[in-house]
Amino acid sequence: MTDRRGGRPLVPAYLSTGGVARPSRAHLERLSVLTGSGAAAPAELPAAQAALLEELEYGSLTVVEAAALLRLPVSAVLVLAADLLDRDLVLARAPIPPARRFDPDLLKRVADGLRDLKHR
């Protein structure tokens, strides 16, 4: 593979997914967290899936992080991850939801209480 100036591989992304355009699992998202299951990878695993599993050996990654490390589009990594999930080689969990908005009144009361303790 020859790199072009933009840093992306010259090979089209659909070749890394074996021509599959959509993931088999609709619940995967850009921020889904992927973790290797620890199962042994079969020898016939395609190169792109093997590369994803190799990246997951170092710890959990979101789909977006994996795409950046593999230098593939997020859509291609979603397809790769879904196939690895189907083979029980990867575990996925939903993204962590954003925290609820804090209660400013509660924070003010805590700060006032800490100031009172400090001045005693």
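Residues numbered from 1 in each chain as written. Predicted model: local features only at pLDDT ≥ 70, side-chain atom pairs only at ≥ 80, totals over all residues. Heavy atoms only, no water.

An unreviewed UniProt entry annotates the protein chain as DUF742 domain-containing protein originating from Streptomyces collinus.

**Digging into the overall build of the protein chain**
Helices and strands together make up the secondary structure of the protein chain, namely five helices and three strands. For the protein chain, the α and β elements follow one another from N to C terminus as α-β-α-β-α-α-β-α. Here the protein chain holds 120 residues, and 28% of them are scored as buried. Considering only residue pairs separated by 6 or more positions, the protein chain has 73% of its internal contacts joining residues 24 or more positions apart. When the accessible surface of the protein chain is totalled, it reaches about 8600 Å², and 57% of it is carbon and sulfur. (Helix = DSSP H or I, 4+ residues; strand = E, 2+ residues; numbered from the N terminus. Buried < 20%, exposed > 50% of the residue type's maximum accessible area, 1.4 Å probe, protein only. Contact = heavy atoms within 4.5 Å. Areas by Shrake-Rupley, 256 points an atom, 1.4 Å probe, with all protein chains shown as cover.)

**A short note on the nonpolar core**
Counting 24 residues, the largest nonpolar core has Leu28, Leu34, Leu52, Val77 and Leu84 as its most contacted members. Those elements that place two or more of their residues in this core are helix 2 (47-56), helix 3 (63-70) and helix 4 (74-86). Per-element tally for this core: the top contributor is helix 4, with nine residues. If near-sequence neighbours (up to four positions away) are discounted, leucine 84 is found in contact with Leu45, Gln49, Leu52, Leu53, Leu89 and Val90. (Core = buried A, V, L, I, M, F, W, Y, C linked by side-chain atoms within 4.5 Å.)

**So, the pairing of strand 1 (residues 33-36)**
As paired elements, strand 1 and strand 2 (residues 61-62) share two bridges and run antiparallel to each other. Bridging from a neighbouring strand, leucine 34 pairs with leucine 61 of strand 2. Alignment of strand 1 against strand 3 (residues 90-93), held across four bridges, turns out to be antiparallel. Looking at strand 3, one finds that valine 33 is bridged to arginine 93. (Pairing = 2+ DSSP bridges.)

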